[in-house]
Amino acid sequence: MVILKREILSQKLTILIWGLAIGIMVGACVLIYPEMQSQMDNIGEMMSSLGGFTKAFGMDKLNFGTLTGFYAIECGNMLGIGGAFFAAIMAVTALMKEERDRTAEFLLTHPVSRVRVITEKLISVFVNIILMNLIVLACAVLPLLVIEGEVEWGVILLFHFAFLLLQFEVAGICFGISAFIGRFGAGIGIGVAAVFYFMNLISNISSSAKVLKYITPYGYTDGATIANSHHLEGKYMLPGMCFMVIGIVLAYVKYTRKDIRA
């Protein structure tokens, strides 16, 4: 488990920075909710008149005036974008960086198989994502404990669980990509996450593009669905988990056969 420990320790500052950055923004949104609550009716009317923009962010199916609705929209966007970018960067650079940093020769000349290298790096990616999400959750829970009003803890935790699964899926796909590339990893990872995000916006606006919900991991993190039905939509989640597994399998197949530059 030497590789696993090294990978986690080498990313501890990155995990802390991303976790606090996303968590503080989420916490700040929670804290300003009581100040904005009296104006929510006017804001809701204004949002409902924006047409496609309202549909894109799911604001046509949520009550923006409730804490749960406000959290799903405002905090959900931060978790969705920031978390996906973090997961993508962690995963897409995991295998690639050995070639980029010219450390592959040092690592692979040790009595350790490539399968073990891949496995420990994959576990480290998931552990890093979990640690980052724990920081975000702590930053979100503390403000929720001090503000007035009823908090639907089950729904809030389900939001965070949905975005954790989203990050796992993005990480699995980007981990597979990492085995095929030797540079430009961060940019490619962010690009993948951004494409998924915009797929979801398009599928929300256009009924003819609903099929994109089966491709983008944002399909099962829809705040309105979670808030109204209190569950994740399996018909969107199952394909996503399959994409994650396919990405991981491709990483093993490619990296174990790859001619790695020292």
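Throughout what follows, the structure given in this document is the object of discussion.

What counts as what
- Residues numbered from 1 in each chain as written.
- Predicted model: local features only at pLDDT ≥ 70, side-chain atom pairs only at ≥ 80, totals over all residues.
- Heavy atoms only, no water.
- Helix = DSSP H or I, 4+ residues; strand = E, 2+ residues; numbered from the N terminus.
- Buried < 20%, exposed > 50% of the residue type's maximum accessible area, 1.4 Å probe, protein only.
- Polar contact = N/O pair within 3.5 Å; in protein donor to acceptor, adjacent residues only side chain to side chain.
- 1 Å grid on protein atoms, 1.4 Å probe; cavity = no way out; pocket = protein on both sides within 12 Å on 5 of 7 lines; lining within 4 Å.
- Points joined across faces, edges and corners; volume = space filled by probe spheres on them.
- Nonpolar A, V, L, I, M, F, W, Y, C, P; charged D, E, K, R; others polar.
- Core = buried A, V, L, I, M, F, W, Y, C linked by side-chain atoms within 4.5 Å.
- Contact = heavy atoms within 4.5 Å.
- Axes fitted to C-alpha atoms, helices over the stretch in contact; angles between N-to-C directions.
- Left-handed = near helix turned anticlockwise from the far one by under 90°.
- Salt bridge = Lys/Arg side-chain N within 4 Å of Asp/Glu carboxyl O.
- Patch = residues over 30% accessible without salt bridge, like charges linked within 9 Å, V, L, I, M, F, W, Y side chains within 5 Å.
- Areas by Shrake-Rupley, 256 points an atom, 1.4 Å probe, with all protein chains shown as cover.
- Phe/Tyr/Trp six-rings, centres within 6.5 Å; stacked < 30°, edge-to-face > 60°.

With respect to the helices and strands, Thr 221 occurs in the loop between helix 10 (185-205) and helix 11 (223-229). Accessibility expressed as a relative area gives 6% for Thr 221, which makes it buried. Among the polar contacts listed, one links the side chain of Thr 221 to the backbone oxygen of Tyr 218, at a separation of 3.1 Å.

The full count for this structure, using the stated rule, is 2 cavities of 30 Å³ or more. Counting residues per element, the lining of the second largest cavity draws most heavily on helix 8 (residues 114-146), at 4 residues. Considering only residue class, the lining of the second largest cavity consists of 3 nonpolar, 4 polar and 3 charged.

Further remarks concern the nonpolar core. Within the largest apolar cluster, 68 residues are counted, with the highest numbers of intra-cluster contacts made by Tyr 71, Val 125, Phe 126, Ile 129, Leu 144, Phe 159 and Phe 175. Looking at this core, the elements that each hand over two or more residues are helix 2 (12-36), helix 5 (67-92), helix 8, helix 9 (153-178), helix 10, helix 11 and helix 12 (234-257). Examining the composition of this core, we find that 15 residues originate from one element, helix 9, more than from any other. Apart from the residues within four sequence positions on either side, Leu 144 is in contact with Val 30, Leu 67, Tyr 71, Val 151, Trp 153 and Ile 156.

Orientation of helix 5 relative to helix 10, taken along the N-to-C sense of each, is 145 degrees, at an axis distance of 8 Å. Where helix 5 crosses over helix 10, the handedness of that crossing is right-handed. For the pair helix 5 and helix 10, contact is made by Asn 77, Ile 81, Ala 84, Phe 85, Ala 88, Ile 89 and Val 92 and by Gly 185, Ala 186, Gly 189, Ile 190, Ala 193, Ala 194 and Tyr 197, respectively. Residues that form the contact of helix 5 with helix 10 fall into these classes: 11 nonpolar, 3 polar and no charged.

Turning our attention to the pattern of salt bridges. The tally for this structure, following the rule as stated, stands at 3 salt bridges. Note that Arg 6 is salt-bridged to Glu 7, the shortest N-O span being 3.2 Å. For Arg 6, a relative accessible area of 48% puts it in the partly exposed group. Glu 7 sits in the buried class, given a relative accessible area of 3%. Glu 7 serves as the salt-bridge partner of Lys 121, at 2.9 Å between the closest nitrogen and oxygen.

Moving on to the side chain of Ser 203. Inspection of the secondary structure assignment puts Ser 203 in helix 10. Accessibility expressed as a relative area gives 0% for Ser 203, which makes it buried. Within the local environment of Ser 203, its side chain forms a polar contact with the backbone oxygen of Asn 200, the two atoms lying 2.8 Å apart. The contact partners of Ser 203, leaving out residues within four places of it in the chain, are Ala 209, Lys 210, Leu 212 and Lys 213.

Side chains of Phe 180, Val 211, Tyr 214, Ile 215, Phe 243, Ile 246 and Leu 250 sit close together on the surface and give an oily, nonpolar patch of about 610 Å² of accessible area. By the secondary structure assignment, Phe 243 is in helix 12. On the basis of relative accessible area, Phe 243 is assigned to the partly exposed category, the value being 31%.

Time to look at unusual backbone geometry. A positive phi angle, near 60 degrees, is found at His 230, a position not held by glycine. With respect to the secondary-structure elements, His 230 resides in the loop between helix 11 and helix 12. Judged by its relative accessible area of 45%, His 230 falls in the partly exposed class.

Okay, the packing of aromatic side chains next. Describing an aromatic ring pair means giving the distance of the ring centres and the angle of the ring planes. With the rule as written, the count across this model stands at 7 aromatic pairs. Relative to Phe 86, the ring of Trp 18 lies with its centre 5.8 Å away and its plane at 55 degrees, an arrangement referred to as tilted. Of this pair, Trp 18 sits in helix 2 while Phe 86 sits in helix 5, and the two are 68 residues apart along the sequence. On the accessibility criterion, Trp 18 (26% relative accessible area) is partly exposed. Note on Phe 86: relative accessible area 1%, which makes it buried. Consider the rings of Tyr 71 and Phe 159, whose centres lie 6.2 Å apart with planes at 15 degrees: the pair is stacked.

On the secondary structure map, Gly 80 appears in helix 5. According to the relative accessible area criterion, Gly 80 is buried, its value standing at 2%.

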